[in-house]
Amino acid sequence: MKKVIWVVFFMTFACLLRQDYLLKRSEAGMVDLQFSNAAQGAAIIQSWQSNKYGDQTLLEIARSNVKLDYFFIFQYLIILIMISNSQMQRERNLRINIFLRFNIFLAALISILDVFENILLL
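Just so it is clear, the model here is predicted, and its values are computed rather than measured. (Residues numbered from 1 in each chain as written. Predicted model: local features only at pLDDT ≥ 70, side-chain atom pairs only at ≥ 80, totals over all residues. Heavy atoms only, no water.)

Chemist: Can you explain the nonpolar core? Please cite residues and give values.
Modeler: Membership of the largest hydrophobic core is limited to 12 residues, which are Leu-22, Leu-23, Ala-28, Met-30, Leu-33, Ile-44, Trp-48, Leu-58, Leu-59, Ile-61, Ala-62 and Val-66. Of all the elements in the fold, those that place two or more residues in this core are α1 (2-23), α2 (30-34), α3 (38-50) and α4 (58-90). Residue contributions to this core peak at five residues, all from α4. (Core = buried A, V, L, I, M, F, W, Y, C linked by side-chain atoms within 4.5 Å. Buried < 20%, exposed > 50% of the residue type's maximum accessible area, 1.4 Å probe, protein only. Helix = DSSP H or I, 4+ residues; strand = E, 2+ residues; numbered from the N terminus.)

Given below as C-alpha cells:
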C-alpha cells in the first residue's frame, strides 16, 4: 500500500509540474502568483485569461492546478503521518518519539494552512 501511495504522490506532483510549465508560457507560474502583490497578481491573471492552450485558457489550467493541489496536500499529509508513525514504532528514545508526534501535529497544521492558501488563490 505504501508503494501505491508514493506512486500516486509522484504522479500528482508530475501533473502539477506540467501544469506549472504550461502556465509559465505566459512568463508567470503559480509560485509567481502566490508571491505577487495585488497589481502583479492582476496582471498575471489577465495574462492567463488572454493566453490559450488548446481549447482552454491558461486561467482554466491554473484553476485545475489549484484543485489538484488539494489532492496533493492530502497525499503529503498522509505520507508525513505514515513516515512519522513508522519511525515512532521503532524509536526507543522518548524525546525523539515526542518530536515525531509533534511532527504529525505540524504536518496537519501545514496542510490546513496550505488549504487556506488554495482557497485564497481560487
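Chemist: Outline the packing of aromatic side chains, listing residues and values.
Modeler: Summed over all chains, the structure comprises seven aromatic pairs. Geometrically, the ring pair formed by Phe-9 and Phe-10 is edge-to-face, given 5.3 Å between the ring centres and 70 degrees between the ring planes. Classification of Phe-9 as buried rests on a relative accessible area of 13%. Among the aromatic residues, those joined into a cluster by ring pairs are Trp-6, Phe-9, Phe-10, Phe-13, Phe-72 and Tyr-76. (Phe/Tyr/Trp six-rings, centres within 6.5 Å; stacked < 30°, edge-to-face > 60°.)

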